[in-house]
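# A look at the structure
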Amino acid sequence: MKPESATRAHWLGKLANLNVARTAGIGVAPHKPLMLFSVMDLMETGVLRDRWVRYNADLVTRFRDYWPHVNERRGNQPEITMPFNALGGDRDAVWKRFDEHGNPSKSKLTTRLCELDADFHQCLQDPEFRQLARRLLIATYLTPPEPPSL
């Protein structure tokens, strides 16, 4: 296992380099950062007690609560199934994706359960890491005036 500081640096580096859509006029897609905020919120409130992130009302509510902060720029409805599935892709790989039966999933239509990477989960348990991660995600993927509202 990597030393703690190297593991933290690795994960902060991954968070700073998420595979996000970049569109002229509306900027960087905020879906993955908002999904990560939602997961961190669930961890902080004790709803997320293990490495398993479930596609359920708690997650959906958290994600939708963040959407008004970016809605003016984005101008569309929140799409939660995309980042829930995509954060398990080869490039981002913060978790492994499964369908409702526990089988591997590669489609946003079937992903209903995700298992956080063990090292990432360990990092997320640290309040200082979560604060650093939030600041990094805001600075990297959001556009003023969005960050102050978060």
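As a reminder, the structure under discussion sits directly above these lines.
What comes next concerns the included structure. (Residues numbered from 1 in each chain as written. Predicted model: local features only at pLDDT ≥ 70, side-chain atom pairs only at ≥ 80, totals over all residues. Heavy atoms only, no water.)

### What about the overall build of the chain?
Tallying secondary structure elements over the chain gives eight helices and five strands in all. Counting from the amino terminus, helix and strand elements in the chain follow one another as α-β-β-α-β-α-α-α-β-β-α-α-α. In terms of overall size, the chain behaves like a compact globule, its C-alpha atoms giving a radius of gyration of 15 Å where 150 residues would be expected to give roughly 15 Å. C-alpha atoms of the chain, sized along the principal axes, occupy 40 × 35 × 30 Å. Split into buried and exposed, the 150 residues of the chain put 44% on the buried side. Accessible area of the chain: about 8,000 Å², with a carbon and sulfur share of 51%. Placing the 21 positive and 18 negative side-chain charges of the chain at their respective mean positions leaves the two points 4 Å apart. (Helix = DSSP H or I, 4+ residues; strand = E, 2+ residues; numbered from the N terminus. Rg over C-alpha atoms; globule rule 2.2 N^0.38 Å. Buried < 20%, exposed > 50% of the residue type's maximum accessible area, 1.4 Å probe, protein only. Areas by Shrake-Rupley, 256 points an atom, 1.4 Å probe, with all protein chains shown as cover. Lys, Arg positive; Asp, Glu negative; His and termini not counted. Charge placed at Lys NZ, Arg CZ, Asp CG, Glu CD.)

### Description of the pairing of strand β5 (residues 113-116)
Bridging between strand β3 (residues 52-54) and β5 involves three bridges; their strand directions are antiparallel. Counted as the bridge partner of arginine 54 is leucine 113 from β5. Pairing between strand β4 (residues 95-98) and β5: four bridges, direction antiparallel. Pairing of arginine 97 across the sheet is with cysteine 114, part of β5. (Pairing = 2+ DSSP bridges.)

### Overview of the packing of aromatic side chains
Applying the stated criterion to the full structure yields seven aromatic pairs. Each ring, one from tyrosine 55 and one from phenylalanine 84, has its centre 5.5 Å from the other, and the planes form 55°; the classification is tilted. With tyrosine 55 in the loop between β3 and α3 (57-66) and phenylalanine 84 in helix α5 (residues 81-86), the pair connects residues that are 29 residues apart, well separated along the chain. Here tyrosine 55 falls in the partly exposed class, since its relative accessible area comes to 26%. An aromatic cluster of three or more residues is present, and its members are Trp11, Phe120 and Phe129. Stacked on the ring of tyrosine 55, the Lys or Arg arginine 112 has its end atom at 4.7 Å from the ring centre. (Phe/Tyr/Trp six-rings, centres within 6.5 Å; stacked < 30°, edge-to-face > 60°. Lys NZ or Arg CZ within 6 Å of the ring centre and 35° of its normal.)

On their own, these measurements won't tell you what the molecule is for.
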